[in-house]
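This is what each chain is made of:
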Amino acid sequence: MVFGHILTRNAIKFPAKTAIVHEDIRLTFKEFNERVNRLANALLKKGLNKGDSIGVLVHNSHQFMEIYFAAAKTGGIFCPYNNHLKQWEMKDIIDYSTPRFLFVDADFGAMVSALKPDLPFVEQFIAVRPSDVPFMEDYEAFLSKGESDEPA
């Protein structure tokens, strides 16, 4: 079984069971799968190809898991970055993985802003929480571009 199909299977078998709990967010398997499918579809619409890297610089959250499963469903390579690294260390690791998409938590906005000129391969920066960084797209707005909650 392909890893991305595990979530789809659970959404069919246990649609009303709780899949994710984070702070005040509770998602059933059905809701979680629908959000993952919208994210996967949005990434594909933006040009993600199988084997493309998806950079993830976020804290533990439901978005982290959504990005993880969206990568699994699309064939993208999930690249989580250690959020305790210094800026120069982060640049080296991002350079190595060359993500086309970079998901960022709001408190890493300043670091990513400083690194942006040196990251020409990143086509899209997405802030998982509201951010005042002008070049970052809001996660929920990006998710809405996936429109369909049908499998990617």
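The preceding data block contains the structure.
Residues numbered from 1 in each chain as written. Predicted model: local features only at pLDDT ≥ 70, side-chain atom pairs only at ≥ 80, totals over all residues. Heavy atoms only, no water.

**Brief notes about the overall build of the protein**
Counted only if it meets this: By definition, any uninterrupted DSSP run of H or I lasting at least four residues is a helix, any uninterrupted run of E lasting at least two residues is a strand, and each is numbered from the N terminus. Atoms counted for the radius of gyration: C-alpha only. Globule rule: 2.2 Å times the number of residues to the power 0.38. Only protein chains enter the calculation, and the probe is 1.4 Å; a residue is then buried if its accessible area is under 20% of its type maximum, exposed if over 50%, and partly exposed in between. Here, residues are in contact when the closest pair of their heavy atoms is within 4.5 Å. Only the protein chains shown count as cover for residues, with accessible areas throughout obtained via the Shrake-Rupley method and a probe of 1.4 Å. Note that His is not counted, nor are the chain ends; the positive residues are Lys and Arg, and the negative ones are Asp and Glu. Charge placement uses NZ in Lys and CZ in Arg. For Asp and Glu, CG and CD serve respectively.
When you go through the protein residue by residue, the secondary structure sums to six helices and seven strands. Its C-alpha atoms give the protein a radius of gyration of 15 Å, within 12% of the compact-globule value 15 Å for 152 residues. The dimensions of the protein, computed from C-alpha atoms along their principal axes, are 45 × 35 × 25 Å. The proportion of buried residues among the 152 residues of the protein is 49%. For the protein, the share of sequence-separated contacts (at least 6 apart) that also reach a separation of at least 24 residues comes to 64%. Looking at the protein as shown, the accessible area adds up to about 7800 Å², and 55% of this sits on carbon and sulfur atoms. Of the charged side chains in the protein, 17 are positive and 20 negative; the average position of the first set lies 7 Å away from that of the second.

**Brief notes about the pairing of strand 5 (residues 101-104)**
Spelled out, the test is: DSSP calls a pair of strands paired once it identifies at least 2 bridges connecting them.
Every second residue of strand 5 is oriented toward a common face, with Phe101 and Phe103 on one face and Leu102 and Val104 on the other, all of them buried. Of the strand pairs in this sheet, strand 3 (residues 53-57) and strand 5 are connected by four bridges, and their pairing is parallel. Residue Leu57 lies in a different strand from strand 5, and its bridge partner there is Val104. As paired elements, strand 5 and strand 6 (residues 124-127) share four bridges and run parallel to each other.

**Considering the side chain of Arg100**
Positionally, Arg100 belongs in the loop between helix 4 (87-97) and strand 5. Arg100 gets classed as buried once you look at its relative accessible area, which sits at 17%. In contact with Arg100, other than residues within four places in its own chain, are Lys46, Gly47, Leu48, Asn49, Asp52, Ser53, Phe121, Val122, Glu123 and Gln124.

**Structural notes on the environment of Ile93**
Structurally, Ile93 is set in helix 4. As a C-alpha pair, Ile93 and Ile67 span 26 residues in sequence and 19 Å in three-dimensional space. What Ile93 contacts, discounting residues up to four positions off in sequence, is Tyr81 and Leu85.

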